[in-house]
Amino acid sequence: MTKVGAIVWYEVLMAWRRHSLPLIWGLLLGGVLIFVALVAENNARWLADSMQSQLDNGLYTLEQFLTLSLFSIVIAAMIFYSVGVISVVGEVIPLDSQFKLRELFKALPITPGIYLAGKLLGVWAGIVTGWLGVGIISGVGIWFILGVYDWRV
């Protein structure tokens, strides 16, 4: 297990040094905030205006409609993020061959399964870390752009 952990650490470190992780995290954050600023606010206001009778009857609040508009934001963000993830994942193993690290790994007492598991977990560690960090930052940014959330929704 320590071999897999070492490969995971190496992979995250190398993705950080290649600037692919900060690039993909910035792509996701920019995609979310730009989409919110340009599209979702108008959609939420339009949705609230079209459902004015339900708002007047007290069935729903404006905050609930704004929170529902976040679902379209998440879908658009995942489209941006999937483009970046493909570029990060597609270069992981070929770069080892290009930088002659493949020969180093063949000299070590690890199996191909451990190598691939470490690479896969390393990529996912960087991706999940980005999801969490960008989720927190964009949550605060969306709070300032759209307003108050309704956590019950």
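Residues numbered from 1 in each chain as written. Predicted model: local features only at pLDDT ≥ 70, side-chain atom pairs only at ≥ 80, totals over all residues. Heavy atoms only, no water.

Asker: Please give an account of the overall build of the protein chain that cites residues and values.
Answerer: Scanning the protein chain from N- to C-terminus turns up seven helices and zero strands. The secondary structure elements of the protein chain, listed N-terminal to C-terminal, are α-α-α-α-α-α-α. Residue burial in the protein chain is summarised as follows: out of 153 residues, 34% are buried. Here the analysis covers contacts within the protein chain between residues at least 6 apart in sequence; of these, 76% occur between residues at least 24 apart. (Helix = DSSP H or I, 4+ residues; strand = E, 2+ residues; numbered from the N terminus. Buried < 20%, exposed > 50% of the residue type's maximum accessible area, 1.4 Å probe, protein only. Contact = heavy atoms within 4.5 Å.)

Asker: Could you give an account of the layout of surface pockets, naming the residues involved and the relevant values?
Answerer: Its volume calculated, the largest pocket comes out at about 430 Å³. Elements with a minimum of two residues in the lining of the largest pocket: helix 2 (20–50), helix 4 (62–90) and helix 7 (112–146). Partitioning the lining of the largest pocket into residue classes produces 14 nonpolar, four polar and one charged. (1 Å grid on protein atoms, 1.4 Å probe; cavity = no way out; pocket = protein on both sides within 12 Å on 5 of 7 lines; lining within 4 Å. Points joined across faces, edges and corners; volume = space filled by probe spheres on them. Nonpolar A, V, L, I, M, F, W, Y, C, P; charged D, E, K, R; others polar.)

Asker: I'd like to hear about the pattern of salt bridges, residue by residue, with values.
Answerer: Following the criterion strictly, the structure yields three salt bridges and no others. One salt bridge in this structure joins E11 and R18, with 3.6 Å as the shortest N-O distance. Looking at E11, the relative accessible area reads 3%, which means it is buried. Relative accessible area serves as the criterion here: at 27%, R18 is assigned to the partly exposed category. (Salt bridge = Lys/Arg side-chain N within 4 Å of Asp/Glu carboxyl O.)

Asker: Let's hear about the side chain of S138: which residues, and what values?
Answerer: Mapped onto the secondary structure, S138 falls in helix 7. Judged by its relative accessible area of 8%, S138 is buried. Filtering out sequence-adjacent residues up to four positions away, S138 remains in contact with L29, V32, L33 and Y149.

Asker: Tell me about the packing of helix 4 against helix 7, and name the residues and values.
Answerer: Put simply, helix 4 and helix 7 touch, their axes get as near as 12 Å, and they point 145 degrees apart. By crossing handedness, the relation of helix 4 to helix 7 is classed as right-handed. Contacts between helix 4 and helix 7 involve L66, S69, L70, I73, M78, Y81, V85 and V89 on the former and, on the latter, V123, I127, G130, W131, I142 and L146. (Axes fitted to C-alpha atoms, helices over the stretch in contact; angles between N-to-C directions. Left-handed = near helix turned anticlockwise from the far one by under 90°.)

Asker: Requested: an account of empty space enclosed by the protein, with residues and values cited.
Answerer: Here the structure, examined in full by the defined rule, presents one cavity of 30 Å³ or more. If you trace the largest cavity, you find it lined by E11, V12, A15, L21, V88, V92, G122, V123, G126 and I127. The element that contributes the greatest number of residues to the lining of the largest cavity is helix 7, accounting for four residues. Across the lining of the largest cavity, the residue classes break down as seven nonpolar, two polar and one charged.

Asker: Outline a nonpolar patch on the surface, listing residues and values.
Answerer: A cluster of nonpolar residues, V74, M78, L120, W124, V128, W131 and L132, forms a patch on the protein surface that exposes about 650 Å² of accessible area. Looking at the nonpolar patch, the elements that each hand over two or more residues are helix 4 and helix 7. For the nonpolar patch, the element with the highest residue contribution is helix 7, accounting for five residues. (Patch = residues over 30% accessible without salt bridge, like charges linked within 9 Å, V, L, I, M, F, W, Y side chains within 5 Å. Areas by Shrake-Rupley, 256 points an atom, 1.4 Å probe, with all protein chains shown as cover.)

Asker: Talk me through the packing of aromatic side chains; I want residue IDs and the actual numbers.
Answerer: Any pair of aromatic rings gets described here by the distance separating the centres and the angle formed by the planes. Scanning the model with the defined rule gives two aromatic pairs in all. Note on W16 and W25: the rings are 5.7 Å apart at their centroids and 50 degrees apart in plane angle, and the pair reads as tilted. The partly exposed category is assigned to W16, whose relative accessible area is 45%. On the accessibility criterion, W25 (19% relative accessible area) is buried. (Phe/Tyr/Trp six-rings, centres within 6.5 Å; stacked < 30°, edge-to-face > 60°.)

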